[in-house]
Every structure is written in structure tokens, then in C-alpha cells.
Amino acid sequence: MCIESLLIIVLLWQSVIQKFTGFTYLDEIIVLFFGINFIGKKFLNKKNESSKLEKNEQFAFVFTIIFYLIGCISTIIFNYQESYFYGMLSGIFSVKSLIAYFGARFFFSDRKIERNDLKLFLCFIEYPIIITFILLSIGQVIPLFEYDPSRVILGIKSSNFIFSHPTELACYAIVSLFVSVFLRTCLGYKKKIWRNYLPAIFIVIVSGRYKALAFIAIFILLRVILPYMKRFKLSRMLIGLPVVFMIAREQIIYYFFDVNSSRGALYYYSLKIAKDHFPLGSGFGTYGTEFSRDRYSLLYGKYGLSNIYGLQENFSSFITDTMWAGVIGEAGFLGFIFYALFFVFIFKFFHLKIKNKQIKFLLICFVVYGLFESIADSFFMSSRGVLLFVTVAYMYHLYSNKFSKE
């Protein structure tokens, strides 16, 4: 099996590896490896034409750097954590998934992937998800795994299976489904391309994640409609919004409008912090991120969040329950704009460069999934964000070598 496929499989199962070994730095090691390779190809080997980013990717890269610099400047100005290094390190973790994308693009750029590698990769993706589906189906009758009695969807008991958290299980199912559909499209396997939808949907239901279930419902709806579209348009993805609201109505209200909940409070006070520290934010490691929890930030007490369940110093489990609150609070309105522009130009890049309608749909939906999750999860600041962008870079590399002449 080629190293590209192996890296994705390792990231796909990182949560399980972490749970049973206690080792938590696999994604950071992979990002560091990509970063070193990126610097080598970008700055030390300028003659390597295959390692150049496209125009819209270059804009996305510049916006990533600007976002990081904004956070660093505000870290120095306000110095809430009393350590510039600590804040700047926190900022690197805030953009690690974005760094992973550029690093993976450069690493994959001059590597060849054979058809037999794709077949083997497909087996390592499809067989585990079918086995997972069978075990979780049996587990509904025989208690093989731990279940959450408070969360039952469509009569199906929720479990995190062998993963460290139900969100990890849902992500595993959705990423596996996307990779399976993509590889089958590349290999020309059309007859059985739908066979993994049922296992993936069932696994997502078992995870009990409403956002993931709403997303997969939209994805299937759009995939059914896609063949009848003459051209793929990003705006047509909006037809899925009623489905999202119908499935996740209570969750949406809880996330954005309930100031007494941890997520609602994080969003509400991120705007106040950004306003009070206009336009650069309070600095990295101060709000809504893992580092602000590790060294409990002074801002939680200053803005009264230390009295909210899950945001207290002695119980801070919910501090990282949303990503965008951290982006807005730590890097301000200006930082939020540049972070968001990264995604705008990545979408623009895929939309203009990918001519194959099916592949374009898959890659754009894949990134949308990450954005969907990031509303109530620190997705792009976690190993799942690294997994998504490494996989997206792999998909584009395979597309550009296989379909670019279409």
C-alpha cells in the first residue's frame, strides 16, 4: 500500500489508537512531516514545477498566514497568558488542519498512485465499515459495547463503538463513505457504488450526532439530484437547508440562541471579546481553544463564563465545543474574515479547476461537512480536520492525474 493511503488510514483510526495506547500526537507528527516537506519543496527546490500551488490556493495560503499573524500580534499586545510562546503555539494548533492541506498537496504532487494501490485502499476502507456496521447491528440486540441510554434516534441506541467519542465514530463513517464513493468513481466501479450508504447512515445514527445525520441526509439528497443538473452550482446546495433545519432544529436553537448553554455563551461572548479587543481579538490561547482550557484563561472569569456549566476551571470539558467562537474571540473580526476567506478560495479553486461534476461535488461536499461540524465542534483544530484536508489533498491529486484531460 502506498504511503498516501496509509497516512489517511492512520488518521482515520487515530481516535482508536489514542484510546487504547494513550498516544495523542499522531496528527501533529504528520502535520510536522508535511510542514518540513512543504518548506523543502517551496523554498529550497524552486525548480520543482509540480510543487507549485494554483492561484486560488496561493490566496488561501496567504490568508492562513495573515490570520496567524493577526493572532500573534494580539497575543503580544494583550499578553493574557503571560507567555508569547504559549500563545503562538496555540495559534499553530488553530491552523494545523489548513497547514496539513498545503503540506499534503506538496507531498502528493510528485507521487504516482497505481490502480492496484487504489483497489487495496478501497478494501481497507470498505471492509472495516461493513464489519463495524455488522457489529453495531448485533450490538443493538446483544450489549457488546457501552451505550448512551439518554440518546436514542429512530429507536437505535447510541454508542461510540471502539472510538474515544461518538463524534469520532460519525466522522469515521462519513469520511469512509466519501473515500469509498471517490475511489469507486476513479476505478469505474458503478454497479455497487451505493452499497456503503446504508452502513454509513446506520453508523452515524448509532453515533447519535444530529449534525452528522443532517449532513448525510443532505449529501444523499443532492447526490440523487446531481445527475439531473446540467452544471454543478454551489448555490444549489442550499436546497438542503430545509432538511438541515428539520432534522437539527432544536440543536440549532440550542447552539446559537441559548446564552445559558456552553455553546451559546461561547458564541455570544466571543462577539463581546472581539468588540472589546477590536479588531485583532484577545490573542491565541485565551478563548474557546484547548490551550485556553489547559491554562485556564483569565477571560472566562472576566466575562462571567466561569460560572457556566462546562466552562468552569474545575470542569472545562465544553470549552472547545465550537470552533468559530475561538476564531472570533482570539483573532477578532479581522481574523475571522481571513480564516473564512481561506475556505472561500479553496471552494473557488475546486469549482474552477475540477471539470468532472461528480468529483467536484464530492470534494466540495467534503469540505462543507467540516464546516458543518465546526459550528458546534472545534473540527479544524482537531485531528479530524487534519484527516479531512489530507484526504481532500489526496483526492485532488488523484483527480488531477486521472481526470485532468477530460
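As a reminder, the structure under discussion sits directly above these lines.
Here is what the cut-offs are and how they apply
Residues numbered from 1 in each chain as written. Predicted model: local features only at pLDDT ≥ 70, side-chain atom pairs only at ≥ 80, totals over all residues. Heavy atoms only, no water. Helix = DSSP H or I, 4+ residues; strand = E, 2+ residues; numbered from the N terminus. Buried < 20%, exposed > 50% of the residue type's maximum accessible area, 1.4 Å probe, protein only. Contact = heavy atoms within 4.5 Å. Areas by Shrake-Rupley, 256 points an atom, 1.4 Å probe, with all protein chains shown as cover. Expected span 1.5 Å × (residues − 1). Salt bridge = Lys/Arg side-chain N within 4 Å of Asp/Glu carboxyl O. Core = buried A, V, L, I, M, F, W, Y, C linked by side-chain atoms within 4.5 Å. Axes fitted to C-alpha atoms, helices over the stretch in contact; angles between N-to-C directions. Parallel < 35°, antiparallel > 145°, perpendicular 65-115°, else oblique. Left-handed = near helix turned anticlockwise from the far one by under 90°. Phe/Tyr/Trp six-rings, centres within 6.5 Å; stacked < 30°, edge-to-face > 60°.

1. With respect to the overall build of the protein chain
Right, on to step 1. In terms of helices and strands, the protein chain carries 17 helices and two strands.
Right, on to step 2. Across the 406 residues in the protein chain, those meeting the buried criterion constitute 57%.
Right, on to step 3. Contacts in the protein chain between residues far apart in sequence, at least 24 positions, make up 75% of those at least 6 positions apart.
Right, on to step 4. In the structure as shown, the protein chain presents an accessible area of about 18100 Å², 64% of it carried by carbon and sulfur atoms.

2. Section: unusual backbone geometry
Right, on to step 1. The omega torsion of the bond from F278 to P279 falls at 0°, within 30 degrees of zero and hence cis.
Right, on to step 2. In the Ramachandran plot, F161 falls in the positive-phi region, its phi being about 60° despite a non-glycine side chain.
Right, on to step 3. Within the secondary structure, F161 is located in the loop between β2 (156-158) and α8 (166-187).
Right, on to step 4. What makes F161 buried here is its relative accessible area of 7%.

3. Some points on helix α12 (residues 262-276)
Right, on to step 1. For α12, spanning 15 residues, the distance from its first C-alpha to its last is 21 Å, which sits close to the expected 21 Å at 1.5 Å a residue.
Right, on to step 2. Taken residue by residue, α12 has S262, R263, G264, A265, L266, Y267, Y269, S270, I273 and A274 as its buried positions.

4. Here's the deal with the side chain of K360
Right, on to step 1. Structurally, K360 can be placed in helix α16 (residues 357-374).
Right, on to step 2. Residue K360 is classed as buried on the basis of its relative accessible area, which comes to 11%.

5. Quick word on the pattern of salt bridges
Right, on to step 1. On inspection of all chains with the given rule, the structure shows eleven salt bridges.
Right, on to step 2. When the shortest N-O distance is used, the salt bridge between K96 and E28 registers 3.0 Å. Residue K96 is located in helix α6 (residues 96-108), and its partner E28 is located in helix α3 (residues 26-44); the two are separated by 68 residues in the primary sequence.
Right, on to step 3. Classification of K96 as buried rests on a relative accessible area of 6%.

6. Remarks on the nonpolar core
Right, on to step 1. Grouped together as the largest cluster of nonpolar side chains are 129 residues, with contacts concentrated most on F219, Y339 and F350.
Right, on to step 2. Tallying contributions element by element places α8 first for this core, with 15 residues.

7. Considering the packing of α8 against helix α9 (residues 197-207)
Right, on to step 1. Contact pair α8 / α9: the axes reach a minimum separation of 8 Å and the direction vectors enclose 165°. Judged on the interaxial angle alone, α9 and α8 are roughly antiparallel. As α8 packs across α9, the resulting crossing turns out to be left-handed. In this structure, α8 uses P166, L169, A170, A173, I174, L177 and V181 to contact α9, whose residues at the interface are Y197, A200, I203, V204, V206 and S207.

8. Things to note about the packing of aromatic side chains
Right, on to step 1. This model, assessed by the stated rule, comprises 61 aromatic pairs.
Right, on to step 2. For the pair F163 and Y172, a centre-to-centre distance of 5.1 Å together with 35° between the ring planes defines the contact as tilted.
Right, on to step 3. Overall, F163 belongs to the buried group, its relative accessible area being 0%.
Right, on to step 4. Given the relative accessible area of 1%, Y172 is considered buried.
Right, on to step 5. Judged by centre distance (6.1 Å) and plane angle (40°), the rings of Y339 and F343 are tilted. Of this pair, Y339 and F343 both sit in helix α15 (residues 324-353), four residues apart, roughly one helical turn.

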